[in-house]
Amino acid sequence: MIQERNGQISLPIFQMAIKNLYSMLVCFSESTTQWSMENYPGYEYSELVCHQFDSLHEDTKYQSQTAFKLEYRVSYSMAYEVPVLMVRLQSFSGCALSIDCLKERFVGSDSESTRDNCIVLLAGFSQVEHPYLGIPYYQFHPCRTAGLMQQALSVEHDISEVSGTKYLVLWLSLIATPAGLVLPRELAFQMLDSDRNTLVHSISDDHSK
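Quick caveat: nothing in here was measured; it's all calculated off a predicted structure.

## Focus: the overall build of the protein
For the protein, the count of helices and strands is six helices and seven strands. For the protein, the sequential pattern of α-helices and β-strands runs α-β-β-β-β-β-α-α-β-β-α-α-α. A buried classification covers 42% of the 209 residues belonging to the protein. For the protein, the share of sequence-separated contacts (at least 6 apart) that also reach a separation of at least 24 residues comes to 55%. Summed over all atoms, the accessible surface of the protein reaches about 11,400 Å², with 52% contributed by carbon and sulfur.

Written as structure tokens, this is what we have:
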């Protein structure tokens with residue numbers, strides 16, 4: 001459980017939470033979304049990896065499309081003690097694509113809130129090299145994460161403790177959703193059930209005192 005609302009998550013809690021989250025995502029995700037866990041020699045943390053396949057309209061007149069693969073990685077920053085989201089786009093031929101492909105999807109959306117997510121991408125993501133794989137990814141810089149999560153966790157005023165899994169779900173909802181990674185609805189229901197159980201136990205404990 002995360003008791004200190006400073007927006008950070010310790011490495012041991014992150015490791016347990018990422019494994020728990022992986023199990024739930026495998027159960028609830030659609031067949032077009034592939035999840036896996038990766039470990040690297042000398043690294044103390046695991047990475048949660050998601051592959052999605054999508055297409056982008058290149059020419060609205062002829063409705064031509066370019067198919068591409070989206071890769072999301074949930075890693076960990078030892079320096080900032082927060083999770084890190086890394087995004088990579090590439091064509092089926094293996095060519096790396098710019099994050100502008102995601103921005104074009106948002107700009108073309110009928111939803112104003114979805115279009116506004118483009119601003120988040122512009123403001124928070126920059127290109128970095130994966131520390132082990134040595135290939136470029138777009139990363140949401142971890143220096144902003146603790147402050148963002150501190151605000152998000154302060155809203156959870158009904159619960160004195162927040163599980164590591166719920167922390168990651170909240171974080172992904174804030175950071176990954178604007179980047180196109182939508183979590184399964186069943187996962188949200190699971191978190192709500194967990195909250196209800198926590199509140200019931202809390203009320204029972206109060207009455208027993």
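## Concerning the side chain of Arg88
Its location among the elements puts Arg88 in strand E4 (residues 82-91). No salt bridge is formed by the buried Arg88. Its closest oppositely charged neighbour is Glu71, at 5.0 Å. For Arg88, the residues in contact, after removing those within four places along its chain, are Lys69, Leu70, Glu71, Ala96, Ile135, Pro136 and Tyr137.

## Looking at the layout of surface pockets
Its boundaries defined by the atoms lining it, the largest pocket holds a volume of some 270 Å³. Lining the largest pocket are 17 residues, and of these Glu30, Thr32, Thr33, Gln52 and Val182 sit closest to its centre. Every element with two or more residues in the lining of the largest pocket is listed here: strand E1 (33-38) and strand E2 (47-59). Sort the elements by how many residues they give to the lining of the largest pocket and E2 lands first, with three residues.

## Notes on the nonpolar core
Phe14, Leu21 and Leu85 are the most contacted members of the largest nonpolar core, which has 45 residues in total. Among the secondary structure elements, those contributing two or more residues to this core are helix H1 (11-28), E2, strand E3 (64-77), E4, strand E7 (136-140), helix H4 (145-155), helix H5 (164-175) and helix H6 (185-208). With eight residues, H1 is the largest single contributor of residues to this core. Once you skip the residues sitting within four places of it in the chain, Phe14 turns out to touch Ile9, Tyr45, Ser46, Val74, Ser75, Tyr76, Pro83 and Leu168.

## Concerning the environment of Leu25
With respect to the helices and strands, the residue Leu25 is situated in helix H1. Residue classification places Leu25 among the buried residues on the basis of a relative accessible area of 0%. Between the C-alpha atom of Leu25 and that of Ser36, which follows or precedes it by 11 residues, the distance is 9.7 Å. Not counting the four nearest positions on each side in its chain, Leu25 is found in contact with Trp35, Leu48, Leu183, Pro184 and Leu187.

## Quick look at the packing of aromatic side chains
Taken as a whole and assessed by the stated rule, the structure comprises seven aromatic pairs. Where Tyr43 meets Tyr45, the ring centres are 5.6 Å apart and the plane angle is 90°; that geometry is what we call edge-to-face. For Tyr43, a relative accessible area of 26% corresponds to the partly exposed category. Judged by its relative accessible area of 9%, Tyr45 falls in the buried class. Considering the side-chain rings of Tyr43 and Tyr132, the 5.8 Å spacing of their centres and the 85° angle between planes classify their relative orientation as edge-to-face. With a gap of 89 residues between them, Tyr43 in the loop between E1 and E2 and Tyr132 in the loop between strand E6 (125-129) and E7 connect regions that are remote in the sequence. Taking relative accessible area as the criterion, Tyr132 reaches 40% and is therefore assigned partly exposed. A connected cluster of aromatic rings, assembled from ring pairs, spans Phe14, Tyr40, Tyr43, Tyr45, Tyr76 and Tyr132.

Rules used throughout
- Numbers given to residues run from 1 along each chain, matching the order in which its sequence is written.
- Since the coordinates come from a predicted model, pLDDT governs what is reported: local features require at least 70, and pairs of side-chain atoms require 80 or more to be given and counted, while whole-chain, interface and lining totals use all residues.
- In computing side-chain properties, one takes all heavy atoms of the structure into account and sets aside hydrogens as well as water.
- Only DSSP runs of H or I reaching four residues or more are called helices, and only runs of E reaching two or more are called strands; each is numbered from the N terminus.
- Each residue's exposure class comes from its accessible area (1.4 Å probe, protein chains only) as a fraction of the maximum for that residue type: buried when under 20%, exposed when over 50%, partly exposed otherwise.
- By definition, residues are in contact when any of their heavy atoms lie within 4.5 Å.
- Only the protein chains shown count as cover for residues, and all accessible areas are computed by the Shrake-Rupley method using a 1.4 Å probe.
- Charge assignment in this entry is limited to Lys and Arg as positive and Asp and Glu as negative, and neither His nor the chain termini are counted.
- Each reported salt bridge corresponds to a side-chain nitrogen of Lys or Arg within 4 Å of a carboxyl oxygen of Asp or Glu.
- Only protein atoms enter the 1 Å grid used here. Points where a 1.4 Å probe fits but cannot escape make up a cavity, open sets with protein on both sides within 12 Å along at least five of seven lines make up a pocket, and a residue lines them when an atom lies within 4 Å of a point.
- Grid points are joined across faces, edges and corners, and a volume is the space filled by probe spheres set on the points.
- The definition of a nonpolar core used throughout is a set of buried Ala, Val, Leu, Ile, Met, Phe, Trp, Tyr and Cys residues joined through side-chain atoms within 4.5 Å.
- Pairing of aromatic side chains requires ring centres within 6.5 Å, counting the rings of Phe and Tyr and the six-membered ring of Trp. Pairs whose planes differ by under 30 degrees are stacked, by over 60 edge-to-face, and all others tilted.

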